[in-house]
Amino acid sequence: MAAFKTKKQKNIMNRLISYIILIPTSLVAMVPFLWMVISAFKSEDELFTIPPKILPSALHFENFSYVFKMDMMGNWIFNTVFVCVSTITLMAISSVIVAYGFARFDVKPSNFFFMLLLATMMLPWAITMIPAFVMFSKVGWVGTWLPLIIPSIGGSPVYIFMIRQYIMTIPRELDEAAMIDGASSFKILWNIIVPNCKPIMMTMIIFAFSGAWGDFLGPFIYLSDPMTFTLSLGINTMRTVTGYIPWHYMMAASAMFAIPVVFIYFFGMKFFTKGLVMSGLKG
Amino acid sequence: MGFYMATGSAVKAGKSKSKRERQKLLQFFLYISPWLVGLTLFSLIPIVMSFVLSFTKYDLLSAPEFIGLKNYINLFTNTPEFSKGLVNTFYYTFFRMLFVIIISLFFAVLLDQKLKGVRVFRTLYYLPSVLPFISGTLLWMYMFNFDFGLLNSAFGVFGIKPIDWFGVKNAMNSIILMSVWGGIGPTLTILLAGMQSVPTTLYESMDLDGAGSFKKFLYVTLPMISPSIFYVAIMGVIGCLQEFASIMLLTEGGPENATTTLTYQVYQYAFTSRTMGFASAYSWVVFVIILVFTAIFFKWGNKAVYYEGGDK
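Residues numbered from 1 in each chain as written. Chains lettered and ligands numbered in written order. Predicted model: local features only at pLDDT ≥ 70, side-chain atom pairs only at ≥ 80, totals over all residues. Heavy atoms only, no water.

### Details of the overall build of chain B
Under the convention used in this document: Helix numbers and strand numbers start at the N terminus; a helix is a DSSP run of H or I with at least 4 residues, a strand a run of E with at least 2. It is over C-alpha atoms that the radius of gyration is taken, and the globule rule equals 2.2 Å times the number of residues to the power 0.38. Buried residues are those whose accessible area, probed at 1.4 Å on protein chains only, stays under 20% of the maximum for their type, while exposed residues exceed 50% and partly exposed ones sit between those limits. Residue exposure ignores everything except the shown protein chains as possible cover, and the areas themselves are Shrake-Rupley values with a 1.4 Å probe. Charge assignment: positive for Lys and Arg, negative for Asp and Glu; neither His nor the chain ends contribute. Note that the charge is assigned to NZ on lysines, CZ on arginines, CG on aspartates and CD on glutamates.
For chain B, the count of helices and strands is 13 helices and two strands. For 312 residues, the compact-globule estimate of 2.2 N^0.38 gives 20 Å, and chain B exceeds it by more than 25% at 27 Å. Each principal axis of the C-alpha atoms in chain B carries an extent, and together these give about 105 × 75 × 35 Å. The buried share of chain B, taken over its 312 residues, is 51%. Summed over all atoms, the accessible surface of chain B reaches about 15800 Å², with 67% contributed by carbon and sulfur. In chain B, which carries 23 positive and 15 negative side-chain charges, the distance between the mean positions of the two groups comes to 13 Å.

### Some remarks on the interface of chain B and chain A
Condition: Note on definitions: a residue-residue contact is assigned when non-hydrogen atoms from the two residues lie within 4.5 Å. Summed over both partners, the accessible surface that disappears when two parts come together, traced with a 1.4 Å probe, is what is meant by buried area. Note on definitions: salt bridges are taken to be side-chain nitrogens of Lys or Arg within 4 Å of carboxyl oxygens of Asp or Glu. By the criterion applied in these results, polar contacts are pairs of N or O atoms within 3.5 Å in which, for protein atoms, one can donate a hydrogen and the other can accept it, and in which residues neighboring in sequence qualify only through two side-chain atoms.
Taken together, the contact between chain B and chain A spans 88 residues of the former and 91 residues of the latter. Carbon and sulfur atoms make up 80% of the area that chain B and chain A hide from each other, which totals about 8200 Å². It is B:Y31, B:W35 and B:Y142 in chain B that bury the most area against chain A; as a group they hold 11% of the surface buried on that side. Ionic pairing is found between A:D106 and B:K24, a salt bridge with its closest N-O pair at 3.0 Å. In this structure, the connection of chain B to chain A is made through 15 residue pairs in polar contact (both at pLDDT 80 or more). At 22 residues, the largest contribution of residues to the side of chain B that touches chain A is made by helix α1 (residues 2-53) of chain B.

### Focus on helix α10 (residues 185-196) of chain A
All names here are of chain A. Just so we agree on the cut-off: Expected helix span is taken as 1.5 Å per residue step, with the number of steps being one fewer than the number of residues. This arc is built from the directions going out from the helix axis to the C-beta atoms.
With 12 residues, α10 extends 15 Å between its outermost C-alpha atoms, agreeing within 8% with the 16 Å of an ideal straight helix rising 1.5 Å per residue. Considered for burial, the residues of α10 that qualify are S185, I188, L189, I192 and I193. Looking straight down α10, one finds its buried side chains confined to an arc of 125 degrees; they lie on one side.

### Things to note about the environment of A:Q165
Residue and element names in this part refer to chain A. Relative to the assigned elements, Q165 resides in helix α8 (residues 157-167). Considered as a pair, Q165 and W247 are 82 residues apart in the sequence and their alpha carbons are 45 Å apart. A polar contact is formed between the side chain of Q165 and the side chain of R164, at a distance of 2.7 Å.

### Re the nonpolar core
To keep things clear, this is the line we draw: For the purposes of this section, nonpolar cores are sets of buried Ala, Val, Leu, Ile, Met, Phe, Trp, Tyr and Cys residues that join through side-chain atoms within 4.5 Å.
Ranked by internal contacts, the top residues of the largest apolar core, which has 196 residues, are A:F102, A:I163, A:C197, B:W35, B:M276 and B:Y282. Non-local contacts of A:C197, meaning those with residues more than four positions away in its chain, are made with A:I163, A:Y166, A:I167 and A:I170.

### A short note on the environment of A:S39
By secondary structure assignment, the location of A:S39 is in helix α1 (residues 7-40). For A:S39 and A:K8, which are 31 residues apart along the polypeptide, the C-alpha to C-alpha distance reads 46 Å. Setting aside anything within four residues of it in sequence, one finds A:S39 in contact with A:L47, A:N63, A:H248, A:M251 and B:Y142.

### Re the pattern of salt bridges
Considering all chains together, one arrives at four salt bridges over all chains under this definition. Its salt-bridge partner being B:D207, residue B:K216 comes within 2.9 Å of it at the nearest N-O pair. B:K216 gets classed as buried once you look at its relative accessible area, which sits at 18%. Bridged by salt links that share partners, the residues A:D106, A:R172 and B:K24 form one connected network.

### Quick look at the packing of aromatic side chains
To keep things clear, this is the line we draw: In this analysis, rings of Phe, Tyr and Trp, with Trp reduced to its six-membered ring, are considered paired at centre separations within 6.5 Å, and the interplanar angle assigns stacked below 30 degrees, edge-to-face beyond 60, and tilted for intermediate values. Only when the NZ atom of a Lys or the CZ atom of an Arg is both within 6 Å of the ring centre and within 35 degrees of the ring normal do we say a charge sits over the ring.
Applying the stated criterion across every chain yields a total of 60 aromatic pairs over all chains. Taking the centre distance of 5.2 Å and the plane angle of 80 degrees together, the rings of A:F41 and A:F61 count as edge-to-face. In this pair, A:F41 is assigned in the loop between α1 and α2 (44-48) and A:F61 in the loop between α2 and α3 (62-68), connecting sequence segments 20 residues apart. When the ring of B:F28 is compared with that of B:F29, the centres are 5.2 Å apart and the planes differ by 65 degrees; the resulting orientation is edge-to-face. According to the relative accessible area criterion, B:F28 is buried, its value standing at 0%. Taking relative accessible area as the criterion, B:F29 reaches 28% and is therefore assigned partly exposed. Between the NZ or CZ atom of A:R164 and the centre of the ring of A:F114, over which it lies, the distance is 3.9 Å.

### Remarks on a nonpolar patch on the surface
Definition in use: Patch membership requires over 30% relative accessible area and the absence of a salt bridge. Like charges are linked within 9 Å, and nonpolar side chains (Val, Leu, Ile, Met, Phe, Trp, Tyr) within 5 Å.
A cluster of nonpolar side chains, namely A:M13, A:L16, A:I17 and A:I20, defines an oily patch on the protein surface of about 380 Å² accessible area. Inspection of the secondary structure assignment puts A:L16 in helix α1.

### What to know about the side chain of A:T87
All names here are of chain A. Inspection of the secondary structure assignment puts T87 in helix α4 (residues 73-104). By relative accessible area, T87 is classed as buried at 10%. Of note is the side chain of T87, whose polar atom sits 2.4 Å from the backbone oxygen of V83. Filtering out sequence-adjacent residues up to four positions away, T87 remains in contact with L148, I149 and S152.

See the structure below:
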């Protein structure tokens, strides 16, 4: 009987089975996420009822306003935005300059340095964590945002690689035409390469943003004064400062903290996917 | 006369060509200099510094004191939690990567069809990995709670006894569960992109041979996307071997060192007890372990990975 199934029937069966697997599993993947949002709207009592109620009896928006009114929330928001913006700006400028060097100047040592760049992608940070801290403490930067921001002046190997691959697809004729008109290489970078790199720069910025926004370890190692904390650390203090853990507030804070990155992901999904794929390409 | 003129201009051209080459070289280094400076300041110098510090006793306040190989000897003979950390690190890395890759492969195959709503599913699987680290960790801390966490409450509904997620037996598995949940999105996306670039003609020729979908997966998809698998595996392993932030927040390495990892111990020796010299020696051992692993991986990968065009 099975042997008589037409190809079309088989196709429909395949689809049906796929949906039977995809729908429940994607829901399972979403459950923790949804649970965070639901819990953020619950009153504290509702969190502890047994058996648990899935939905809150009323939407407790005051959880969110509580988080916003926390003592240093204003500082934390400002600090996070400041660190993010400076990191990304430095990272973007440096990465595109370096990528241009790798893409357009085919000199002999270029290959060697490019290989070195790819190798440093795999450099474990566990080895640099301690000496970097020693170094930054010697120059008096521990406790400031500088150790979080300044290392971006070197760009990031992944972004340099991504942008370099992209620049290679921009026709060289454009450069050459400008060169005949007497443009310097920097002018070519600024007037031709950068404007043509907009999509890949978007990708890079989206990636760098979600990395910098959620960064925990960097601030955790270098910052100690709560006034200087970023949101990651600030939200964490909600559970460490007193023994009591206000889960409903913490879920509200966690959910709000996620909004910018989730928003950016939806907004730039095609860039996100492209960036991931690009970073996974071989050189 | 004509002869002289010809050679003259050739010499001149050669000279200006080499001059142009030199200028190009200079420009190349100028443009990559931000990266070179960053690499030197924040990677190369620190690595050398870490090596030097690993032979000293150093607490950041007084000057480092040279003590020879003592730190290394101490680490291998007198640090009982080292072996525990080693075992845990490998356990975490192995199972985390195994689950992430198998689950991602499975869903990538399902999503690599002409189905309605593929993008929606892709987004749903990806979303967990978008969460900022602290949000995800706090969320799981809450869900793992013994008394009122979602997992135990849900089990209670089905009459299953509550599980002590952070007990000695389960703690590491709980951390793996959390990180698999957050790790599938990017892996799935990269593998799916790999699958979508497999030429359909390869599948069509398998169709002619009457091969089933599992055979197609085994003989076409898998070899064709092996470079992508290799990439996610190697980057994942390097990351996993250094994992400690989630452990620090969820269990602090406990209970009874059940979740302590190598890098977490490095972190503790450096930043909790301020034994910077010992911690540096420890981090060098971790570094070497990662290097050896990466090298083995590459060697094995060169044999197992299929690169189109036969290029190694």
